[in-house]
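Architecture at a glance
The lines below spell out each chain.
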Amino acid sequence: MLSVKNLHASVFDTPILKGLNLEVNAGEVHAIMGPNGSGKSTLANVVAGRPGYEITEGTVEYQGKDIREMDASERAGEGVFLAFQYPVEIPGVSNMAMLKAAINSLRKYRGEGEMPAAEFLQLIKEKAALVEMKQELLKRSVNEGFSGGEKKRNEILQMAMLEPTLALLDETDSGLDIDALKIVSKGVNALRSPERAMVLVTHYQRLLDYIVPDYVHVLSDGKIVKSGDKSLALELEEKGYSWIEQELQQAS
Amino acid sequence: MTEVVEKNRDLKELVKREYKEGFVTDIESDTLPPGLNEDVVRIISAKKNEPEFMLEYRLKAFRRWQKMREPEWAHIDYPKIDFQDISYYSAPKEMPKLESLDQVDPKLLETYEKLGIPLEEQKMLANVAVDAVFDSVSVRTTFRETLSAAGVIFMPISEAVHEHPDLVKKYLSSVVPVQDNYYAALNSAVFSDGSFVYIPKGVRCPMELSTYFRINEMNTGQFERTLIIAEEGSYVSYLEGCTAPQRDENQLHAAVVELVAHKDAEIKYSTVQNWYPGDENGKGGIYNFVTKRGLCKEDGAKISWTQVETGSAITWKYPSVVLQGDNTVGEFYSVALTHNKQQADTGTKMIHMGKNTSSTIISKGISAGHGQNSYRGLVKILKGADNARNFSQCDSLLMGDRCGAHTFPYVEVQNPTANLEHEATTSKISDDQLFYLMQRGLSEEAAVSMIVNGFCKEVFRELPMEFAVEAQKLLDVSLEGAVG
């Protein structure tokens, strides 16, 4: 579904990714781990099409399409979703209104008509219950005055509403207490399906206790340096990222 | 052509002559030649067949105007206006009627479409012949019947001068004195037409005074004059303007609007202004110098101004409320947008005189392109105004890095019991916000529109429902090409 080959990317002219390869198939959950500054979030943002994140070399194919020239809204239309590390506030725009506009924009991109209002209300009620979000928050301005946990839950609510094919979750666990982490994980797990792939960017193994990945990749200096299954995350937890780096040095 | 020249020559001759009572009544030209002097004022009054008191009023205003100077304190920049190069009277012209919308400029239709203006109304705006049912005359008649059944008077002020001279005499310039400012004096001397509204005691006006206005306002001319009086315990919501783009060959517009609210009366005045703003280089475009003021004359009165200003090359406008009675309330909600080379210096004045008076100011300025947007507001608490309260919020939104936002708040407090709050913010549409919304599937334009409309929400919700929707679309259309 997602095929990243020899990806080099710069963030505002600073090279961050330096030849990254990643293959993600439908139904799989991949965890991207690595020390601060290794390029985890950059990968997620490059795939989502964030302005200022420039691909300088390599290819990014999604469902067989080269998405490098598409803007963020086109990629969203193709089914790519990014759960933000720092969800943005949009004053004066209600959560509901934003979601409605988003759903209808995606439908329009796919040549479908607008979602009937009643169907939308039913859907949002259902999905809000999934992430245990209060109705009142749906009417409030997007992320304005939300706690850290509420913002992250809001990201998962949006993901549940927009039903992406490829979900990129950028440090969704950061700043969450254990209760919020459980709720968020429950939401994410509910969305796992054979048609949908997920890429979890995380710094800590903790998230992977709740969302069990099929693959774990370790990023260092803009490249994937080690891949494995869930046990790799546990090993990392135990030995720390320095272990990988030492191993790399020995190899060279 | 020769006929017009001929007439103009005749007029010039006449204008040069000494004034002799009644001599002008037989003039039949459509437009006076440029220039302003006492005779021109007399001709205007005579053309309108006005009663003597109106002529005296105009002449008094003209004489004051001659001694006044153009205000130069506003944060706007434009070439000096030659007031002798303007024609001060033009009879409402019959535009040639078109047979169908096919004959209308497709660009104009496209804009109407984007604004969501109903088809029949599009025809009226574009001067296409309409079905009998929608003919403005019959619409007007229906409205008039409903209104007169309620005792509401709603007519052009030029008619009110004849039909209700006592009311006009009593209230005209009772809120905005002729010498109030340069443009108010000019307007008082030469005003063309406008609306007159009178709501009797205890009457709640049975409809928004809006649709009527949209259909009939086309020819009020460049010096508009409006007077609204709400008697004790009455209520009226008045809507001025039109989201449809309005062009006018007259560059200078100087309107005066006066509102009088008696005991426990409420007047809600909403404006959507979309005059031609000029091209992207600032060529052409209307200069809009407006004086709007409401008087909460007696206890418990309330006046609120809501404005959405997207048009005009230059806007100079400060809708104000004088809180004379005790427990009176004044409100000002404003969205002012400047794009390309537009300039706006706009805000409000809240003058607290009575006890327990309160005022609210919510101002939203949006600047894009090379637009310059200034908020200028005065909150004045006079000695006797015990326990006065004011809340002011001035927010500016910048798009791009070539525009400007400025805030000039003035506060004068003469009573220690006053309670004033002022908040001001300046923000830019951030790349993060745009990316966030685009990542959710919105196009860049839709994302900008959503952010801007969110920014203006507190003002839009004060507008009558239908108009709020149109106002949102108007912002979208006005901001086209502002990003990227």
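Residues numbered from 1 in each chain as written. Chains lettered and ligands numbered in written order. Predicted model: local features only at pLDDT ≥ 70, side-chain atom pairs only at ≥ 80, totals over all residues. Heavy atoms only, no water.

**Side note on the overall build of chain B**
Each helix and strand in chain B was counted, giving 14 helices and 18 strands. Counting the 484 residues in chain B, one finds 57% classified as buried. Long-range contacts, defined as pairs at least 24 residues apart, comprise 82% of the intrachain contacts of chain B with a sequence gap of at least 6. (Helix = DSSP H or I, 4+ residues; strand = E, 2+ residues; numbered from the N terminus. Buried < 20%, exposed > 50% of the residue type's maximum accessible area, 1.4 Å probe, protein only. Contact = heavy atoms within 4.5 Å.)

**Some remarks on empty space enclosed by the protein**
All names here are of chain B. Across all of its chains, the model carries 3 cavities of 30 Å³ or more by this definition. By volume, the largest cavity is sized at about 110 Å³. Lining of the largest cavity is provided by 18 residues; of these, S363, G365, N373, S374 and Y375 occupy positions nearest its centre. Elements that contribute at least two residues to the lining of the largest cavity include exactly strand 12 (329-338), strand 13 (343-352), strand 14 (358-367), strand 15 (372-381), strand 16 (389-398) and strand 17 (404-413). Here the lining of the largest cavity takes 4 residues from strand 14, the largest share from any one element. Here the second largest cavity defines a volume of roughly 50 Å³. Here the lining of the second largest cavity is composed, by residue class, of 6 nonpolar, 2 polar and 1 charged. (1 Å grid on protein atoms, 1.4 Å probe; cavity = no way out; pocket = protein on both sides within 12 Å on 5 of 7 lines; lining within 4 Å. Points joined across faces, edges and corners; volume = space filled by probe spheres on them. Nonpolar A, V, L, I, M, F, W, Y, C, P; charged D, E, K, R; others polar.)

**Topic: the sheet that holds strand 2 (residues 14-24) of chain A**
Residues and elements named next belong to chain A. Taken together, 4 strands build an open sheet; the order of strands is 2-1-4-5 and the sheet is antiparallel. Single-partner strands in this sheet number two, and they are strand 2 and strand 5 (65-66). Bridging between strand 4 (residues 53-62) and strand 5 involves 2 bridges; their strand directions are antiparallel. Each residue of the ladder has a partner; that of Y62, found in strand 5, is K65. (Pairing = 2+ DSSP bridges.)

**Structural notes on helix 4 (residues 117-130) of chain A**
All names here are of chain A. Here helix 4 spans 20 Å end to end across 14 residues, near enough to the 20 Å set by a 1.5 Å rise per residue. Contacts from the buried residues of helix 4 go to helix 3 (95-109), helix 5 (135-139), helix 6 (148-162) and helix 7 (178-190). Immediately beyond the C-terminal end of helix 4, within one or two residues, lies E132, with a positive phi of roughly 50°. (Expected span 1.5 Å × (residues − 1).)

**A short note on the packing of helix 2 (residues 38-47) of chain B against helix 3 (residues 52-67) of chain B**
All names here are of chain B. At a minimum axis distance of 10 Å, the contact between helix 2 and helix 3 shows a crossing angle of 150°. Relative to helix 3, the element helix 2 lies roughly antiparallel. Viewed along their axes, helix 2 and helix 3 form a crossing whose handedness is right-handed. Contacts between helix 2 and helix 3 involve E38, V41, R42, I44 and S45 from the first element and M54, L55, R58, L59, F62 and R63 from the second. Grouping the constituent residues of the contact of helix 2 with helix 3 by class yields 6 nonpolar, 1 polar and 4 charged. (Axes fitted to C-alpha atoms, helices over the stretch in contact; angles between N-to-C directions. Parallel < 35°, antiparallel > 145°, perpendicular 65-115°, else oblique. Left-handed = near helix turned anticlockwise from the far one by under 90°.)

**So, the environment of N419 of chain B**
Residues and elements named next belong to chain B. Structurally, N419 is set in strand 18 (residues 419-428). Looking at N419, the relative accessible area reads 34%, which means it is partly exposed. Sequence-wise, N419 and S478 are 59 residues apart; in three dimensions their C-alpha atoms are separated by 38 Å. The residues touching N419, leaving out its near neighbours within four places in the chain, are A388, R389 and N390.

**Let's talk about the pairing of strand 8 (residues 287-296) of chain B**
Residues and elements named next belong to chain B. Burial of strand 8 is extensive: 10 of the 10 residues sit out of reach of the surface. Side chains of strand 8 alternate between two faces, with Y287, F289, T291, R293 and L295 and N288, V290, K292, G294 and C296 buried alike. Two elements, strand 5 (residues 252-253) and strand 8, share 2 bridges in a ladder whose sense is parallel. Bridge assignment links H253 to a residue of strand 8, and that residue is N288. Where strand 8 lies against strand 10 (residues 314-317), 4 bridges are found, and the strand directions are parallel. Looking at the pairing, N288 lines up with T315 of strand 10. Both strand 8 and strand 11 (residues 320-323) contribute to a ladder of 4 bridges, which runs parallel. Within strand 11, the position partnered with R293 by the bridge is S320.

**Some remarks on a negative patch on the surface**
On the surface, a cluster of negative charge is contributed by D71 and E74 of chain A together with E444, E445 and D476 of chain B. Tracing the backbone shows E74 of chain A in helix 2 (residues 72-78). By relative accessible area, E74 of chain A is classed as partly exposed at 31%. (Patch = residues over 30% accessible without salt bridge, like charges linked within 9 Å, V, L, I, M, F, W, Y side chains within 5 Å. Areas by Shrake-Rupley, 256 points an atom, 1.4 Å probe, with all protein chains shown as cover. Salt bridge = Lys/Arg side-chain N within 4 Å of Asp/Glu carboxyl O. Lys, Arg positive; Asp, Glu negative; His and termini not counted. Charge placed at Lys NZ, Arg CZ, Asp CG, Glu CD.)

**What to know about the confidence of the model for chain A**
Across chain A, the average pLDDT comes to 93, with 100% of residues at 70 or higher. Averaged over each element, pLDDT in chain A is lowest for helix 10 (residues 241-251) of chain A (81) and highest for strand 6 (residues 80-83) of chain A (98). (pLDDT = per-residue confidence, 0-100.)

**Thoughts on the state of the cysteines**
Residue and element names in this part refer to chain B. Under the criterion given, the structure shown has 0 disulfides over all chains. This cysteine, C205, is not joined by any disulfide, and C296 carries the nearest cysteine sulfur, 18 Å off. Just so you know, C456 is unpaired, no disulfide at all, and the nearest cysteine sulfur is the one on C394, 14 Å from it. Judged by its relative accessible area of 0%, C456 is buried. (Disulfide = S-S within 2.5 Å.)

**Quick notes on the interface of chain A and chain B**
Facing the 32 residues of chain A at the interface are 16 residues of chain B. When chain A packs against chain B, the two sides together hide about 1,900 Å² of surface, and 67% of this comes from carbon and sulfur. Here chain A is connected to chain B by 2 salt bridges. Of the charged contacts in the structure, one is a salt bridge between R50 of chain A and D432 of chain B, with a shortest N-O distance of 2.8 Å. On inspection of chain A and its partner chain B, the count reaches 11 residue pairs in polar contact (both at pLDDT 80 or more). Within the residue set of the side of chain A that touches chain B, elements represented by two or more residues are helix 1 (40-48), helix 2, strand 6, strand 7 (90-94), helix 3 and helix 6 of chain A. Element by element, the count of residues in the side of chain A that touches chain B is highest for helix 3 of chain A, at 6 residues. Tallied by class, residues from the side of chain A that touches chain B come to 21 nonpolar, 7 polar and 4 charged. (Buried area = accessible area lost by both parts, 1.4 Å probe. Polar contact = N/O pair within 3.5 Å; in protein donor to acceptor, adjacent residues only side chain to side chain.)

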